[in-house]
Amino acid sequence: MDITIALQRAVRSFEHGTPALAARLGISQTSLLHKVSPTYPTAHCSPEEAVEIMQVTGDHGALHAMAGPLGYVLLPAPSLHGHGESASALARTVAEFGEFAVATASALADGRVSDNERARIEREASEALAAIEQLLLIAARINRRGKPEGELAPAERLQRVA
């Protein structure tokens, strides 16, 4: 999707209306509509304005429209404020998966996979799987902590102290 069209969709579908969005951005409604219209090629949103439009409207289509042609896929990061161990484990998992994806894409790019490339893919996959397993263990531990003692199976009661 075209970035300008994505911004236009975000502006036009804003639940409080275009005038309210323009006021929030500190520009006139006409200027805003021109900035997100493909028929006004001389009017553009600054990167900061595009980000603010996406923040206020909650429509991140323009961000995805930018990422695709650059070879990126975007995933929203969950808010884990106050959950240090969980947030850290999730960040490690995402980073490990990213390294696996880069190694795999790099190896497959020329249509051949050398022994060294295959070994690197397997190593990165193992590290990503280990990070995922660690995150699952954290989730299981948090789940056990939230259950009343009577709902725990005998094995879970022993694990609760872990």
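Anything mentioned here points back to the structure above.
Residues numbered from 1 in each chain as written. Predicted model: local features only at pLDDT ≥ 70, side-chain atom pairs only at ≥ 80, totals over all residues. Heavy atoms only, no water.

(A) Quick peek at the overall build of the protein chain. Along the backbone of the protein chain there are eight helices and zero strands. If you list the helices and strands of the protein chain from N to C, you get α-α-α-α-α-α-α-α. Classification of the 162 residues of the protein chain by burial places 25% in the buried group. Counting contacts in the protein chain only where the partners sit at least 6 residues apart, residues at least 24 apart contribute 48% of the total. Accessible surface, the protein chain: about 10,800 Å² in total, of which carbon and sulfur atoms supply 60%. (Helix = DSSP H or I, 4+ residues; strand = E, 2+ residues; numbered from the N terminus. Buried < 20%, exposed > 50% of the residue type's maximum accessible area, 1.4 Å probe, protein only. Contact = heavy atoms within 4.5 Å. Areas by Shrake-Rupley, 256 points an atom, 1.4 Å probe, with all protein chains shown as cover.)

(B) Expanded view of the pattern of salt bridges. For the structure on display, the rule yields four salt bridges. The salt bridge partner of Lys 35 is Glu 49, with a shortest N-O separation of 3.0 Å. Taken together, the residues span a long stretch of sequence, with Lys 35 in helix H3 (residues 29–35) and Glu 49 in helix H4 (residues 47–57) at a distance of 14 residues. (Salt bridge = Lys/Arg side-chain N within 4 Å of Asp/Glu carboxyl O.)

(C) Fine view of the packing of helix H1 (residues 3–12) against H4. Running from N to C, H1 and H4 cross one another at 40°; their axes reach a closest spacing of 10 Å. As summarised for this structure, H1 and H4 are arranged oblique, according to the angle between their axes. For the pair H1 and H4, the sense of crossing is left-handed. For the pair H1 and H4, the contacting residues are Leu 7, Ala 10 and Val 11 in the first and Ala 50, Ile 53 and Thr 57 in the second. Its residues assigned to classes, the contact of H1 with H4 shows five nonpolar, one polar and no charged. (Axes fitted to C-alpha atoms, helices over the stretch in contact; angles between N-to-C directions. Parallel < 35°, antiparallel > 145°, perpendicular 65-115°, else oblique. Left-handed = near helix turned anticlockwise from the far one by under 90°. Nonpolar A, V, L, I, M, F, W, Y, C, P; charged D, E, K, R; others polar.)

(D) Examining helix H2 (residues 18–25) more closely. For H2, the set of buried residues is Thr 18, Leu 21, Ala 22 and Leu 25. Projected down its long axis, H2 carries its buried residues within an arc of 100°, all on one side. Turned more than 90 degrees off the buried face of H2, the exposed positions are Ala 23 and Arg 24. Packed against the buried residues of H2 are H1, H3 and H4. Gly 26, located one to two residues past H2, shows a positive phi value of around 80°. (Arc of directions from axis to C-beta.)

(E) View of the packing of aromatic side chains. Using the criterion set out here, one finds one aromatic pair in the structure. Between Phe 97 and Phe 100 the ring centres are 6.0 Å apart and the planes differ by 50°, which places this aromatic pair in the tilted class. In this pair, Phe 97 and Phe 100 are both assigned in helix H6 (residues 84–108), three residues apart and thus about one turn of the helix distant. With a relative accessible area of 47%, Phe 97 lands in the partly exposed category. (Phe/Tyr/Trp six-rings, centres within 6.5 Å; stacked < 30°, edge-to-face > 60°.)

(F) Just the environment of Val 11, in detail. Relative to the assigned elements, Val 11 resides in helix H1. You can call Val 11 buried: its relative accessible area is 0%. Separated by 43 residues in sequence, Val 11 and Met 54 have C-alpha atoms that sit 8.8 Å apart. The contact partners of Val 11, leaving out residues within four places of it in the chain, are Thr 18, Leu 21, Leu 32, Leu 33, Val 36 and Ile 53.

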